[in-house]
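Topology and contacts: notes
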Amino acid sequence: MTVDVNEQTVLSYQSARLKEKASPKTINEEVGFLLRVLQVQGDAIRARLRRKKQLKLAVREQVGRAFSPEEKNLLYEHAWPEDRTPFTRLLFWR
């Protein structure tokens, strides 16, 4: 019930989701959604957690990298096996 949600509930949820290997960004979005749904109660929880610097989990600022030509070809080989029809291969031309 919404009445039972408090700061400890949110912190427990964050910990449980981290154990499930969810990304911190996803968890932050889920918590944000929950607190928006809770409206006034969510605003109060958000304020208390922000004050304690526990509202958001740290998100990695990792930049992606481009596939090398070898990696790209390997990906295509696994994604489009030779048993596909010639027409299908034309549609999804590399």
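See the structure shown above.
Residues numbered from 1 in each chain as written. Predicted model: local features only at pLDDT ≥ 70, side-chain atom pairs only at ≥ 80, totals over all residues. Heavy atoms only, no water.

Assigned secondary structure in the chain consists of five helices and zero strands. Tracing the chain from N to C terminus, the helices and strands come up as α-α-α-α-α. Here the chain, with 94 residues, has 21% of them falling under the buried criterion. Element-wise, carbon and sulfur atoms account for 59% of the exposed surface of the chain, whose accessible area totals about 7,900 Å². (Helix = DSSP H or I, 4+ residues; strand = E, 2+ residues; numbered from the N terminus. Buried < 20%, exposed > 50% of the residue type's maximum accessible area, 1.4 Å probe, protein only. Areas by Shrake-Rupley, 256 points an atom, 1.4 Å probe, with all protein chains shown as cover.)

Now for helix H3 (residues 40–51). Counted at 1.5 Å a residue, the expected span for H3 with its 12 residues is 16 Å, and the 17 Å between its end C-alpha atoms agrees. Check the buried side of H3 and you find it contacts helix H1 (7–19) and helix H2 (24–37). Immediately beyond the C-terminal end of H3, within one or two residues, lies Lys 53, with a positive phi of roughly 60°. (Expected span 1.5 Å × (residues − 1). Contact = heavy atoms within 4.5 Å.)

Next up on the list: the nonpolar core. Across soluble globular proteins, nonpolar side chains show a tendency to be buried alongside one another. In this structure, Val 5, Val 10, Leu 11, Ala 22, Ile 27, Val 31, Leu 35, Leu 38, Ile 45, Leu 49 and Leu 55 together form the largest nonpolar core, which totals 11 residues. The element best represented in this core is H2, accounting for three residues. (Core = buried A, V, L, I, M, F, W, Y, C linked by side-chain atoms within 4.5 Å.)

It is worth spelling out the pattern of salt bridges at this point. Applying the stated criterion across every chain, the model contains six salt bridges. Glu 30 serves as the salt-bridge partner of Arg 17, at 2.9 Å between the closest nitrogen and oxygen. In this pair, Arg 17 is assigned in helix H1 and Glu 30 in helix H2, connecting sequence segments 13 residues apart. Assessed through its relative accessible area of 18%, Arg 17 is described here as buried. As a salt-bridge pair, Glu 29 and Lys 25 come within 2.6 Å of each other at their nearest N and O atoms. One end of the pair, Glu 29, and the other, Lys 25, are both in helix H2, four residues apart, so they sit about a helical turn from each other. Lys 25 sits in the partly exposed class, given a relative accessible area of 48%. Three or more residues are tied together by salt bridges with common partners; here these are Arg 17, Glu 20 and Glu 30. (Salt bridge = Lys/Arg side-chain N within 4 Å of Asp/Glu carboxyl O.)

Function-wise, these values are silent; they only describe arrangement.
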